[in-house]
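Here are the chains, one letter per residue:
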Amino acid sequence: MDTRLMELLVCPVCKGPLEHDRDAHELICKADRLAYPIREGIPVMLESEARPLDAPAPAPTDAGAA
Ligand SMILES: [Zn+2]
């Protein structure tokens, strides 16, 4: 992943800077509390695809919900 490319990316909602979470493969907007996924090395800069940071993480053991 090209770090310089990441620095050019801004949040599509608030146009603010994003923080690259290398472990989660997400781009974080702390202002909106949204995490944009990076899929196959391509940042998905869509609000509809973003994960709300306030929402609880999906429980990996919750097999019954599916
Ligand atoms: Zn934002």
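Above this note sits the structure.
Please read all numbers here as calculations on a predicted model, not as lab measurements.

Reading guide: rules and limits
- Residues numbered from 1 in each chain as written.
- Predicted model: local features only at pLDDT ≥ 70, side-chain atom pairs only at ≥ 80, totals over all residues.
- Pairing = 2+ DSSP bridges.
- Helix = DSSP H or I, 4+ residues; strand = E, 2+ residues; numbered from the N terminus.
- Contact = placed C-beta atoms within 7 Å.

K.L.:
Sorry, what's going on with the pairing of strand β3 (residues 34–39) here?
P.N.:
Sheet topology note: the strand β2 (residues 26–29)/β3 ladder contains 4 bridges and is antiparallel. Its bridge partner being in β3, Cys29 is matched across the sheet by Leu34. Joining the antiparallel neighbours β2 and β3 is a turn of 4 residues, in which Arg33 adopts a positive phi near 55°. Alignment of β3 against strand β5 (residues 51–52), held across 2 bridges, turns out to be antiparallel.

K.L.:
How should the environment of Pro52 be read in this particular structure?
P.N.:
If you trace the backbone, Pro52 turns up in strand β5. C-alpha separation for the pair Pro52 and Ala35, spaced 17 residues apart in sequence, amounts to 6.3 Å. Aside from chain neighbours lying at most four places away, what touches Pro52 is Arg33 and Leu34.

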